[in-house]
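A closer look at the structure
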Amino acid sequence: MATENTTPKQACNVTGRCSSTTPPLTSEEIDANLNTHPMWKLGADSISITRSFTAVNFMAAIEFFNKAAEVAEKHGHHPDLHLTNYRDVEVILTTHHIGKLSEFDFAVASDLDAIEVRYSKKWLKENPTTTPP
């Protein structure tokens, strides 16, 4: 059973490295976390979360990647970053040590959501409910 935690989520560098003993989230906890992270979706594999967007141009996508790298290093928890069509970005988070989602994934997702992104105007128009915080 999940208990309410009033302390901010922190990932591996703060609470200790992820390991095979990192507790996985229950499906209820995953759903609750997804409700508070509207830019993220459960991956088709059900063991990851994904966020996708189209940046205004190549450099805007790379700027996001550079800031995402800083977030990942701060947390010691690293997403898979994909760039296609020179500005289409996909971020995938999972806890590799357990092959499932953990609180660390949502801690990193929160910090990635705080990164200012220069989105494509067309993408923003097509995704009106998926707006940055």
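These remarks concern the structure in this document.

Reading the values: rules and limits
- Residues numbered from 1 in each chain as written.
- Predicted model: local features only at pLDDT ≥ 70, side-chain atom pairs only at ≥ 80, totals over all residues.
- Heavy atoms only, no water.
- Salt bridge = Lys/Arg side-chain N within 4 Å of Asp/Glu carboxyl O.
- Helix = DSSP H or I, 4+ residues; strand = E, 2+ residues; numbered from the N terminus.
- Buried < 20%, exposed > 50% of the residue type's maximum accessible area, 1.4 Å probe, protein only.
- Polar contact = N/O pair within 3.5 Å; in protein donor to acceptor, adjacent residues only side chain to side chain.
- Patch = residues over 30% accessible without salt bridge, like charges linked within 9 Å, V, L, I, M, F, W, Y side chains within 5 Å.
- Areas by Shrake-Rupley, 256 points an atom, 1.4 Å probe, with all protein chains shown as cover.
- Core = buried A, V, L, I, M, F, W, Y, C linked by side-chain atoms within 4.5 Å.
- Contact = heavy atoms within 4.5 Å.
- Phe/Tyr/Trp six-rings, centres within 6.5 Å; stacked < 30°, edge-to-face > 60°.

1. Side note on the pattern of salt bridges
A side chain with one charge may pair with a side chain of the opposite charge, provided their charged atoms come close. This structure, assessed with the given rule, holds three salt bridges. The shortest N-O distance in the salt bridge between Asp-113 and Arg-51 comes to 3.2 Å. Here the residue Asp-113 occupies a position in helix α4 (residues 103-113), and Arg-51 occupies one in strand β2 (residues 49-54), the gap between them amounting to 62 residues. Pair check on accessibility: Asp-113 and Arg-51 agree, each one buried.

2. Description of the environment of Tyr-119
Mapped onto the elements, Tyr-119 comes out in the loop between α4 and α5 (121-126). Residues Tyr-119 and Asp-88 lie 31 residues apart in sequence; the distance between their C-alpha atoms is 9.9 Å. A distance of 2.6 Å separates the side chain of Tyr-119 from the side chain of Arg-51, its partner in a polar contact.

3. Notes on a nonpolar patch on the surface
A surface patch of nonpolar side chains, amounting to about 330 Å² of accessible area, comprises Phe-58, Met-59 and Tyr-86. Mapped onto the elements of the fold, Phe-58 is located in helix α3 (residues 58-75). Taking the relative accessible area as the measure of exposure, Phe-58 reaches 38% and is therefore partly exposed.

4. Looking at the nonpolar core
Judged by nonpolar contacts, the single largest core of 26 residues is most densely connected at Trp-40, Ile-49, Phe-53, Phe-64, Val-89, Leu-93 and Leu-112. Ranked by the residues each element gives to this core, the list is headed by α3, at six residues. If near-sequence neighbours (up to four positions away) are discounted, Trp-40 is found in contact with Leu-34, Ile-49, Thr-50, Arg-51, Val-91, Leu-93, Ala-109, Leu-112 and Asp-113.

5. Side note on the side chain of Thr-50
With respect to the helices and strands, Thr-50 occurs in strand β2. On the basis of relative accessible area, Thr-50 is assigned to the buried category, the value being 16%. In this structure Thr-50 touches Met-39, Trp-40, Lys-41, Gly-43, Glu-90, Val-91 and Ile-92, once residues within four positions along its chain are discounted.

6. Observations concerning α4
With eight of 11 residues buried, α4 is to be regarded as a mostly interior element. Within α4 the residues assigned to the buried category are Phe-104, Asp-105, Phe-106, Ala-107, Val-108, Ala-109, Leu-112 and Asp-113.

7. Some points on the packing of aromatic side chains
According to the stated counting rule, one finds five aromatic pairs in the structure shown. When the centroid spacing of 6.4 Å and the interplanar angle of 70° are considered together, the rings of Phe-53 and Trp-123 count as edge-to-face. With a gap of 70 residues between them, Phe-53 in strand β2 and Trp-123 in helix α5 connect regions that are remote in the sequence. One exposure class covers both Phe-53 and Trp-123, and it is buried. For the ring pair Tyr-119 and Trp-123, a centre distance of 5.0 Å and an interplane angle of 15° mean the geometry is stacked. Take Tyr-119 and Trp-123: they sit in the same class, and that class is buried.

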